[in-house]
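Below, each chain spelled out in residue letters.
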Amino acid sequence: MDGHPQSVADLGRDPAWQVSTTTDGRWVLAEREFRHGGHHWQIGLTPVAPGVAAVMLWRDGAVVEHARGTEAEACATAATWQGRFASG
């Protein structure tokens, strides 16, 4: 493992992430919001098909990056984007 979260459950262990689930426990949305460089940023993940998740990065309400992949790939992408802001 490369240190990136492998699942939305992993992301949800960080209190900065908000994870919404259905009544039967399936995740439907994971998101994190923060301010950086005078902008409002948001990272969000959502399942789009069996085995496929979308991950999006918004700046001030506009999508600036997006990708699709497995849940693990989407979580790794989210962690990479998050790391960009942590490193300045």
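Think of each chain on its own: its residues are numbered from 1, step by step along the sequence as written. Given that this is a predicted model, residues contribute local features only at a pLDDT of at least 70 and side-chain atom pairs are listed and counted only at 80 or more, while totals for whole chains, interfaces and linings are drawn from all residues. Side-chain calculation: all heavy atoms of the structure are included, whereas hydrogens and water are not.

Visitor: Tell me about the pairing of strand β3 (residues 39–49), residues and numbers included.
Guide: Two strands qualify as a pair provided that DSSP identifies no fewer than 2 bridges between them. A helix here means a DSSP run of H or I that spans at least four residues, while a strand means a run of E at least two residues long, and both kinds are numbered starting from the N terminus. Here strand β2 (residues 27–36) pairs with β3 via seven bridges, running antiparallel. Within the sheet, the bridge partner assigned to Ala 30 lies in β3 and is Leu 45. Linking β2 back to β3 in an antiparallel pair, the connection comprises two residues, with Gly 37 at a positive phi of about 60°. With eight bridges connecting them, β3 and strand β4 (residues 52–59) associate as antiparallel partners. Each residue of the ladder has a partner; that of Trp 41, found in β4, is Arg 59. With antiparallel pairing between neighbouring strands as the criterion, β3 and β4 make up a hairpin whose turn holds two residues, including Gly 51 at a positive phi of roughly 80°.

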